Structure formats: structure tokens, C-alpha cells
Amino acid sequence: SYGIEPDAVVGHSQGEIAAACVSGALSLADAARVVALRSRVIGEVLSGKGGMVSVALSEPVVRERIGPWGSRISVAVVNGPSSVVVSGEVAALDELMASCEADDVRVKRIAVDYASHSGQVEELKGRLLADLAPIRPQPGNVPFFSTVTGDWLDTAELDAGYWFTNLRDTVVFESAVRALSGAGYAAFVEVSAHPVLTMAVQETLEEAGTGPSVAVGTLRRGEGGLERFLTSVAELHVRGISPDWDAVFAAHEPRRVDLPTYPFQRQRYWPTIAVGSAPVKAGDPADAEFWNAVESGDLASLAGELAVGEGELGAVLPALSTWRRKHRETATIDSWRYRIAWKAKPEGPAPALGSRAFLLVVPATLREHEQVRGCADALTAAGAEVTTLAVTGGEALDPAALAGHAPDGVLSLLGLDEEPDPAQPTLSRGLTATLRLIQALGEAGVTAPLWLASRGAVATHRADPLVSPGQAQLWGLGRVFGLEHPDRWGGLVDLPASWDATAHRRFAAVLSGVDGEDQVAVRDSGVFLRRLVHDPLGDRVPGRAWVPTGTALVTGGTGAIGGHLARWLAQAGAEHLVLTSRAGSAAPGATELAAELAGLGARVTIAACDVADRDALANLLDKLAADGEQVRTVIHAAGVSTPAVLASTTPAEVAATMAAKVAGARNLGELLADEHLDTLVFLSSNAGVWGSGSQGAYAAANAFLDALAEHQRSRGVRATSVAWGAWAGGGMVSDQADEEQLSRRGVHAMPTELALAALRQVLDHDETFVAVADVDWALFAPGFTMARPRPLLDELPEVRAALAEAEPAVAADRGAALTADLAGLPAAQRRRVLLDLVLDHVAAVLGHAAGSALDPDRPFKEIGFDSLTAVELRNRLTGATGLKLPASLVFDRPTPNALAEFVDGELGGGGEVSVLAELERIESLISRISPDDGAHPLVLSRLRTMLSVLGEGQDRTDGATVAEQLDSATDDEIFEFINKELGRS
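Everything numeric here is computed off the predicted structure, so don't read it as measured data.

Chemist: So what's going on with the nonpolar core? Residues and values would help.
Modeler: One finds L402, V410, L450, V631, V634 and M658 to be the most contacted residues of the largest nonpolar core, which totals 71 residues. A per-element tally of this core places helix 22 (residues 696-714) first, with 10 residues. Counting residues in each nonpolar core, the second largest holds 39 residues, with L579, L593, W724 and L756 among its members.

Chemist: An account of the pattern of salt bridges is needed here, citing residue identities and associated values.
Modeler: Across all of its chains, the model carries 38 salt bridges by this definition. R65 is paired through a salt bridge with D103; the nearest N and O atoms lie 3.1 Å apart. On the criterion of sequence distance, the pair formed by R65 in helix 3 (residues 59-65) and D103 in the loop between helix 4 (90-102) and strand 5 (107-110) is long-range, its members being 38 residues apart. We classify R65 as partly exposed; its relative accessible area is 21%. Accessibility expressed as a relative area gives 45% for D103, which makes it partly exposed. For K343, the salt bridge goes to E795, with nearest N and O atoms at 3.3 Å. Within this pair, whereas K343 is found in strand 10 (residues 337-345), its partner E795 is found in the loop between helix 25 (777-784) and helix 26 (797-811), the two being separated by 452 residues in sequence. With a relative accessible area of 40%, K343 lands in the partly exposed category. Assessed through its relative accessible area of 32%, E795 is described here as partly exposed. Among the ionic contacts, a cluster of salt bridges with common partners joins R337, R339, D535, R540 and E767.

Chemist: Describe in detail the sheet that holds strand 4 (residues 83-88), supporting the description with residues and values.
Modeler: In spatial order, the strands read 3-4-2-5; together these four strands make up an open sheet with antiparallel pairing. Each edge of the sheet is formed by a strand with only one pairing partner; in this case those strands are strand 3 (73-80) and strand 5. Taken over all neighbouring pairs, the strand axes of this sheet differ in orientation by 25° on average, direction set aside. Pairing of strand 3 with strand 4, which is carried by six bridges, proceeds in the antiparallel orientation. Looking across to strand 4, one finds that V77 is bridged to V85.

Chemist: I'd love a proper account of the sheet that holds strand 6 (residues 144-145), names of residues and values included.
Modeler: One open sheet accounts for three strands, arranged 1-6-7; its pairing is mixed. Two strands bound the open sheet, and with one partner strand each, they are strand 1 (9-10) and strand 7 (152-153). Pairing analysis gives two bridges linking strand 6 to strand 7, with the strands arranged antiparallel. Bridged to F145 within strand 7 is W152.

Rules used throughout
- Residues numbered from 1 in each chain as written.
- Predicted model: local features only at pLDDT ≥ 70, side-chain atom pairs only at ≥ 80, totals over all residues.
- Heavy atoms only, no water.
- Core = buried A, V, L, I, M, F, W, Y, C linked by side-chain atoms within 4.5 Å.
- Buried < 20%, exposed > 50% of the residue type's maximum accessible area, 1.4 Å probe, protein only.
- Helix = DSSP H or I, 4+ residues; strand = E, 2+ residues; numbered from the N terminus.
- Salt bridge = Lys/Arg side-chain N within 4 Å of Asp/Glu carboxyl O.
- Pairing = 2+ DSSP bridges.
- Axes fitted to C-alpha atoms, helices over the stretch in contact; angles between N-to-C directions.

Printed below as a string of C-alpha cells:
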């Protein structure tokens, strides 16, 4: 009613029923029937048989932890990166809770006495399917993203079977939020009586790192009225999403009033223009009027304006109009064209890595490889401490193997292993191992920058050939990891062919990370930096007028892009078109497409053939050859994009996404190697050029296509790869909502006819690689560079201008003023300033007039904080301090005093006063523990360990260290010692 309409809906478990209503798929009567029938059957069959527990851990860690209970416990819901719900038998859940609490893991029992989203639900299947059979879903008006399938879903499929599966299977809410964020959705509004998912959504968005985003709730427990709702609307408004204000104020009879005047404060702001000066014009209106008349074919107006006869002008006007249209088309396409350039880096002084520790992760089979030795020697020569970890290909890397390491940097050479993964032959063992390393580092809590090394995956100039297209996949994967985890990203480095002292020095300089470069090649001639640059054709004359010859094969030929390409080839004169897809003639619209192409004069063969299946492709080519058909033109357009973040993607899922593009391209290259192809075109994506969040596998596949084209060229094959942006009109972005989302982020959909014209230009000029995308860098660059600098874009003038315009806001760092105010203050006064700051924001979040009335030592939980207000406080303090604060801030620092101390430390304060204040707090807590308390022995053990570390090497008069004294001390002596030390301080 306030004009905020959803672009998409996503529901959480039972909330999907409401989402289906919003989308228009279910009537209110059917929705009520689904809720009532499910609740009744659950109550009759499952009541009292199980329960559910929430655990503050990531999904992989939870799955590992619940392993000992087997099928007795299931993962029911994955809400966010550190919020998982498990369900199952009551006794097993009790044991799990005890295990979690013993390890200080936050765990909470949910107030239900049944175990939905578990095997227990199988008992309900027959009854639910029968009871829900009468519901009649229909296609909705709002796109529906399913947390059951983890993908977009036609709401006509929301039948009885779906609602049973919704109750039975795991709720993949986190992956749904990641996928929507990766697709460009930047604002998430939780519609509920009290926000329970907003914190999980915000945490997921922050970890996904796809750009600026908004996550807000609507109503709250105890605040269910219009005032709370309008407050939420206001929160949306200040985050860039405005309602229909006429509707908001309609009940209040609003009227406009004049602004008040301010006497004696008048000041003139308008510049005084000197007499005779002329304004600068962007263009002559007469020129625009003339060309508008030309393009519209207005013969009479032009003849009168030019004072010539209509007969004379009529002969040239069509040619003039065509020239104008082609000129504008060429200028538009020129603005879309980009290429990769390698910029030589000036030689700098020899790096000194000091005592920095590097973890070198290598394939076990290549432990003695010259590249492994070269990297280790380079780091060691620069003063680094190097620890080598060998990984066996095909085996999952246990995070426990990383638990004992706290490196300053991680260098992976796993990508050098190009042998096929036995379990997933589409992938190399190196790519699989790299994916597992990324995940294991995250699970082990290793936050050191990760560098991925390759050899021969890129070519910096003509004399530097690309020798390993397979390792180029590592570059596509790495660029996406750098977007998803900017704080854990080091970069990509292509290693030199041979090593000497100069190569050692250059390589160590790269890994020092001092210049922020994250895509680098080390060569005998220097260090080269990867850059995206404009590549307009301008006045370049094409080397040929390309036409398709022989039989033209289009993979993915029955899809939207394949159809556009097939029509284009037919219009260009292709005599025989062979269109492949897995479904073949059974694909939607295939029959109609064949008839349309026949009408354009082409013979058409539609074949059911998965090009990733080498035998199937070979059989098709053999059949064509037996019929006298010679394939001379190939356009490889097959491929799928399945959004998934690297942290939760399995090798099997990566292989499934990469199969058509990677295996298909390899098969085409091998099976047609002797056919002397005239044209081999790979349709790639800009996901492989600069990366795209949640598209790691897709980016790796497309980076491979770009590299393979370059590699094929060096072997004499006329191969071309075009990395596309978004196509309009049923192309790569077929959904209008997706198209609008991309456009808001700066990536505009290109009209199909212009995209095809750009492809013809590429083929006329016989180019190896070009990126074609309509990007508004002023919109795209700030979001893309928000988390960290992206040197790849440094050579684009529009990016430099956009970032320079944003620099005042960045330079005026939100914490700079606060830091300046704190500088030079005594420790106690500094702490008081920060405590006041925290209390003021706590008061604002809770709706109090001032923070001075709050008790700084009273826990946040006791003063009314929940997960939602915790995030609000974190956001406020982030804005006030400029610090990157964790979502769990309030839970980890449970009082305003503790939170102020933490902020002090993050801003560079703390030190002795912070330690003493913490000791005072610990002393207060210890005084509440009686000898009969079950925690008493654990507390004593921890205190012994802490004091042992503190007293290491401090001699007493009797020659014994504090550690030695504590080893033999009684409980009473330990507490006496603590009091004595506090008194001495």
C-alpha cells in the first residue's frame, strides 16, 4: 500500500506459503488449507517425538559435529554463515547441546516438540499428499525463489508434493540469499511479526561481498503497530528505497508550507556572469536537428533547410541515413569493447619480508618440482619463514591440518597439478584441491592473505606464449574468491619459467603485497600487471569480410542465445546449420526455430548431443562426415550458470557447472583438430574477466575459454573468444527483473542486434579475444571496489573519475574525527569518551533519551537486546568509528563497558589499562564461583595456564619461576596470588 513492491519473493520454511500468496501463486484459502492441514497432521503424528536446536556454527562444521549421532539428528535449516538449526530425537539433541556448551558454542533449544526437516517427516508423506491434493497453484506475478530447490521456481509447481518436500528437506535459506545477492538483489525486507532472519541475511550478504546491500525487518515483538512499521519504512528510505510518500501521509491531510526565513543571514550564491561571455555548449542544436531529420527521412524539411530540390536530395538521403545509423552503431559498439593489457611494473628495491611466516601448500606429487623450490627459495631469501604443507590430490583437506598454523600469508601451488581428478574428470586435481584449500582455510579460521600461483596460465605479450589453458581456470576461480572474501585475498601470480636471484627478488616483492596488486605475472623481462583497457576499433580496417563456410555447428543451439546465433548465421548465408543441445528437438521452441531457419533458406539439423560427452560428439561428427558434411564454422554457446559461493560449493557442483563449457570446448578442439576450421568461436562471459560473486565455477570455465582461444591461435587454429556482458531480448539475461537489477549496478543489457553486430566486427578483424559489455563505470566501480582496491580497473578513465569523485567521502574516513579527538587523551579519559559513545548509540537503538541513564556493566541481554538490535548497534558503531565490526559484536562483548574496551583496542588504544580493567572484571566474576560450582575446576585450570604464560621467565627470590610456583600451588594459594597481583597493580 505504500508503493514498495517486491522484485522477488523468498520464504523460509512455512514462510514460503506466505511468499506464494504474495507472488499470486496461492489463494488465501489454499494457503490457509496448507497451513491448517500440515499443522493438524504434525500434531497427530509427530508431536512429542522430537525437537529442534539452533547452533551458532557454519553448516560444514555443524554437519561434522552431528556425525556421531548418525541419522538421529539432521540439518534442518541453514539460515546464515553462523546460524544452523538441527532437528531429531530429543535424547540426541540433549547430548548435542551438552557437547556444544562444553566447547562454548552458542546453542539454543527451539520451543517445538517435533522434528521437521528430518527423516521423521516421512511418516506424514501419504497423509499430506492426500490432504493437500485439492490445492491449485498457478503461475505467480512476482518471481519466486525456492528455499527447497535453491533456485527460481515456476509457482505452478507448488503442489502437494512441493509442500511435503518443503516440510521434509533442509531449508537452504543462506544459499538462497547468496544466490539472490549474486543476481543483483541488494535490498532484503523481512516481513514478519518479529525479525528473526534479518541478522542472518545481513551476515550472509556481508560474507558474500557482492556490493552495498540493505537488510531490514518490519514489525517487532511488542511493537506491532503502525509507528513501528513506518519506522521500518523510514529505515528503507534512508538506505535508498523510497515508498510512495503520498500514500504514507494520506491519513494525515498533509499540506506544503513555506520554509522559515532567516533575517540578516542573506548570502548570494549565484556566480556573476561577465557581460559578453558565452556559455559552453555540449553540442550545436542545429546539428542535432539536422541528423534527426536525416534519420527520420524527413525529405521536405531537409530540402527546405538546404535550399535544394527534393529530387536531388532524395537520391542521397537513404545513403546518408544508413551512414549515420552505422556510424552511431559503430560508436556504440566501440564504447563496449575491452581487452586485457599487461603493464610493466617499475623495478623497486629488494623486499624485506622480515620474520613473516608463509604457509606453502603444494601437491604431494610435485613437492620437489622446480617451481616449488623456486617459490620457497624466493621467500626464504627475503627473510620469510616458510612451512610446506603437501596435499595429496583427490583427498579432502582436513581443516585440522591447518589448525596449528598462524601464517602471515598462504601461497598455494596446488594449481600446478593438471592431472584429471579421478572423481570429477572435468576438473584437474589442482583445481579441486584449490577449492578444498579455500574452504579448509575458512573453516580453520586462517585469515592470512591467500595467493594462488600458476605457470603459463597467462600471456603478457606475443613472445610470452600461454601454455596452460587448464591453469587459467585458477585465475577465474581466484578472482571470484577475491570478491567473496576480500579480507582473505592476496592475489594471483603466474610464475617465471626459470628461477634466478632476480626472479626470487621480483616474486618476493609481489607477495609482500605492499602495492595492492593482485593479478601479476613474473617474467624474465620484469613483473607485469593485469589491466582492463578500452579497445575501440576506430579507423582500423577489417582484414576480411567474414562469411560462414561449410556446415555451421552451434552448441547450445536451441537456447535463447543459440537461437539468435542460428538466425544470424542463416541470414549471413550459412547453408546447413547443426544445432546441438542435450534435449535436441524436444527442447522448448526447437521445432518453431527450425521452421523459422528453413524460411531463411538454411537446412537445419537439430541433434540431441551433450558436447561434454566426447563419444556422443564424435558420433555426431562421424555421421555428418558420412553424409558429406564438413564442419567449417563452430560457435560454442553451450553452458550453464549455477550461482553458489565457493565456501559451500562441492567439487561435483563445480564440475557440473563447468562441464559443457570446458569439456565441450576441449572435445570440439580435439575432434575437429584435423578439419582445418575456418571459424572457432567461444562465447565466454565477463565473469571470467573481472569476476562475479557466487559465480566461481562459471568464472573458471569462462577464463578457460578465453585462454584456450589464445592457446589455439598459437597452434594455427583461427580461434576467437568473446567475453560478453548482458544480452537483452531473451539473451543471457532473459528475466526483466534480473536485467533491471544488473542495470542498477551499472551493467546494462545490450540489444541483440548490436551484440551480433559486435560479433561480426570481431570476426571481420579476426581477433583472438575481446570483452564486449555495456558498463556504466560510475555505477559499477564504487561497488566493485568498496571492499578493497581493484587495480585491474586502474587504466579506465571513467573508473578513475568515479573513484576520484567518491574520494572525499572515503578520505573523510568516518573514524578519522574520532581518532583525532582521542589522540593524546589519558587512557582513562579516552575510555570514558568511547564508553559515552557506545552508551549513546545503545540508547538510540533502544529508544532511550540518553545513554547516561544506562548501567555500563549491565549485560545487553538484560536491557532488551536481541539479534536485530544487536546488528543495529553494530551498524551504528561502524558508521561512528569507521571500523569493520563483526555481526556477533554484542554477543562477544556482552556489556557496554566490554564493548567500549574492544573499540578502544581496535582504534589503537588499550594496553595496560585495558588489561587491568579486564582483570577487575574477571575478579568480579570469580568472586561469584563457589568451590561446589561445576565450573570451579575448569576456571582453576585456565587460570594456571594464563598465569604460567604471564610469569614465564620471571624469577623469584627462591629461584623458582611463577609457572613453577603455580604448578605446585593449592587452589587457595592461586586465588591469594591473584588478589596480591591485583593489589600490586
